[in-house]
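Structural overview
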Amino acid sequence: MSAHGFRLFDTAIGRCGIAWGPRGIVALQLPEASESATRSRILEHSPEAKELPPPPEVRHALEAVAALLRGEPAELSRVPVDMVGLPPFHRRVYEAARTIPPGETLSYGDLALRLGTPGAARAVGQALRRNPFAILVPCHRVLAANGRIGGFSANGGVATKLRLLAVERTRRDGAAPFASAFGFDPDAALRHLHRADPVLGRLIDAVGPFQMRLKPAASIFTALAEAIVYQQLTGKVAATIFARLCALFPRPHEGLDAGRIRRAPDARLRAAGLSRAKLLALKDLARKTVAGEIPSLDEIRRMDDEAIIERLTEVHGVGRWTVQMLLMFRLGRPDVLPVADYAIRKGFASAFGRRALPSPRALEKHGRRWAPYRTVASWYLWRAAERAAR
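**Brief notes about the overall build of the protein chain**
- Each helix and strand counted, the protein chain has 19 helices and six strands in total.
- Taken over the C-alpha trace, the protein chain has a radius of gyration of 23 Å; the compact-globule value for 390 residues is 21 Å, and the two agree within 12%.
- Expressed as lengths along the three principal axes of its C-alpha atoms, the size of the protein chain is roughly 65 × 50 × 35 Å.
- Residue burial in the protein chain is summarised as follows: out of 390 residues, 50% are buried.
- If you take every contact in the protein chain between residues at least 6 apart in sequence, the share linking residues at least 24 apart comes to 61%.
- Put simply, the protein chain shows about 18300 Å² of open surface, and 51% of that area lies on carbon and sulfur atoms.
- Distance from the positive charge centre (59 side chains) to the negative charge centre (37 side chains) of the protein chain: 4 Å.

Right, here's the structure in full:
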């Protein structure tokens, strides 16, 4: 690698920083409260670094980190890191942590045993809290005792740690429980939409490639539980509450357990930040799941969209829109159009030059020409709403 340099780069959790030197990566900094704070923190690790274009090895590292934070597979164990100048015990901890495979976890005590220092779990935890190579040295794969999630210094804290663990566990198991790829050809969908609706085709050309991403989940129960928590909240607030909810139970990255949620005292669940209405919805979902009233993933895959909507909206607090989001972003179903979604209607009005928002019925009628790829059309209408807001 070249002389000491640093670079800020964008990821799904915010703007990160990376610093390097002749022997490898010196530090990887996850987002601070502001870009200037992130820059300051990365320069604490490498005061002599200049802001430079990254050499190929560094570019590979930052691209892999960004991919992992997007929920994509990434190989980081071979990225060279420069541990010169770090305390010898810290170096041993970091080297041992890098041997934990993606999708696997150890406790602080387990890692201490691997180092031949039983009883040093607290010292291992302190070393990992000072880890200058976030993600590259995967401290997110180290849990507290009894499978508790423990802390994490990244933007989003425990929520980010859970996300990373869930992504890696999914990849380890070979395929996402919910489709890791769409069950249709996006390119064929775009060609169809261009032919079927020239106005929508111009929007597609203006926005660019179809970049909708599917979100894995451990089970139908976990996916619906997360959807309930996210209702009517900003993404950041909802992610924090959902992470707190997961952290109430052992090994939360493996997904919520309906039986545990059903048995948990209401006060304990409310303490995570759930409203009374969401607590009732979550308990009803857990009760119906334990009773076998919620279809399994295998059953869901054999059901058509309307049948899934009919079954899942029997849960208190789960409406049609919530199930449509599951169909689109979890199952990758190709032909879903949430006509009651405000942003979809706003995007349609913007793209088609309408002063007033279309009624759900009018949008449903116009959207028939987009079948069987109304999910793709919906994604572009959301982008149109974003462009109009800007």
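And the narrative resumes.
**Digging into the nonpolar core**
- By size, the foremost hydrophobic cluster in this structure holds 71 residues, and its most contacted members are L245 and W370.
- Excluding residues within four positions of it along the chain, L245 makes contact with V229, L256, I261, L269, A272, L274 and L282.
- Core analysis: the next-biggest nonpolar cluster, separate from the first, contains 41 residues, C16, Y94, A127 and L136 among them.

**Observations concerning the packing of aromatic side chains**
- The full count for this structure, using the stated rule, is eight aromatic pairs.
- A centroid spacing of 5.8 Å and a plane angle of 35 degrees characterise the contact between F329 and W382, whose relative ring orientation is tilted. Here the residue F329 occupies a position in helix 16 (residues 320-329), and W382 occupies one in helix 19 (residues 374-389), the gap between them amounting to 53 residues.
- Three or more aromatic residues joined by ring pairs form one cluster here, namely F210, W379 and Y380.
- Above the plane of the ring of F249 lies R268, whose end atom (NZ or CZ) is 5.1 Å from the centre.
- A cation over an aromatic ring shows up here: R383 above the ring of W379, its NZ or CZ 4.7 Å from the ring centre.

**Description of the side chain of S378**
- Within the secondary structure, S378 is located in helix 19.
- Here the side chain of S378 touches R374 through a polar contact of 2.8 Å, landing on its backbone oxygen.
- Residues contacting S378, with those up to four places away along its chain left out, are M328, V336, L337, P338 and I344.

**Observations regarding helix 15 (residues 305-312)**
- Within helix 15 the residues assigned to the buried category are D305, I308, I309 and L312. Each buried residue of helix 15 lies within a common arc of 100 degrees when the element is viewed along its axis, so the set occupies one face.
- Contact partners of the buried residues in helix 15: helix 9 (220-230), helix 14 (297-302) and helix 16.
- The backbone nitrogen of E306 has a side-chain oxygen 3.3 Å away, supplied by the residue at the start of helix 15, namely D304.

**Quick word on the sheet that holds strand 3 (residues 24-29)**
- The four strands lie next to each other as 3-2-1-4, forming an open sheet whose pairing is mixed. Where the open sheet ends on each side, the last strands, each with one partner, are strand 3 and strand 4 (50-51).
- Of the strands in this sheet, strand 1 (5-11), strand 2 (14-21), strand 3 and strand 4 are in contact with helix 1 (residues 35-45), which crosses strand 3 at around 145 degrees.

**With respect to the environment of E75**
- Relative to the elements of secondary structure, E75 occurs in the loop between helix 2 (56-69) and helix 3 (88-97).
- Separated by 27 residues in sequence, E75 and P102 have C-alpha atoms that sit 8.9 Å apart.
- Beyond its immediate chain neighbours, meaning those up to four positions away, E75 contacts H60 and A64.
- Side chain to side chain, E75 and S77 meet in a polar contact 2.3 Å long.

Cut-off values and rules
- Residues numbered from 1 in each chain as written.
- Predicted model: local features only at pLDDT ≥ 70, side-chain atom pairs only at ≥ 80, totals over all residues.
- Heavy atoms only, no water.
- Helix = DSSP H or I, 4+ residues; strand = E, 2+ residues; numbered from the N terminus.
- Rg over C-alpha atoms; globule rule 2.2 N^0.38 Å.
- Buried < 20%, exposed > 50% of the residue type's maximum accessible area, 1.4 Å probe, protein only.
- Contact = heavy atoms within 4.5 Å.
- Areas by Shrake-Rupley, 256 points an atom, 1.4 Å probe, with all protein chains shown as cover.
- Lys, Arg positive; Asp, Glu negative; His and termini not counted.
- Charge placed at Lys NZ, Arg CZ, Asp CG, Glu CD.
- Core = buried A, V, L, I, M, F, W, Y, C linked by side-chain atoms within 4.5 Å.
- Phe/Tyr/Trp six-rings, centres within 6.5 Å; stacked < 30°, edge-to-face > 60°.
- Lys NZ or Arg CZ within 6 Å of the ring centre and 35° of its normal.
- Polar contact = N/O pair within 3.5 Å; in protein donor to acceptor, adjacent residues only side chain to side chain.
- Arc of directions from axis to C-beta.
- Pairing = 2+ DSSP bridges.
- Axes fitted to C-alpha atoms, helices over the stretch in contact; angles between N-to-C directions.

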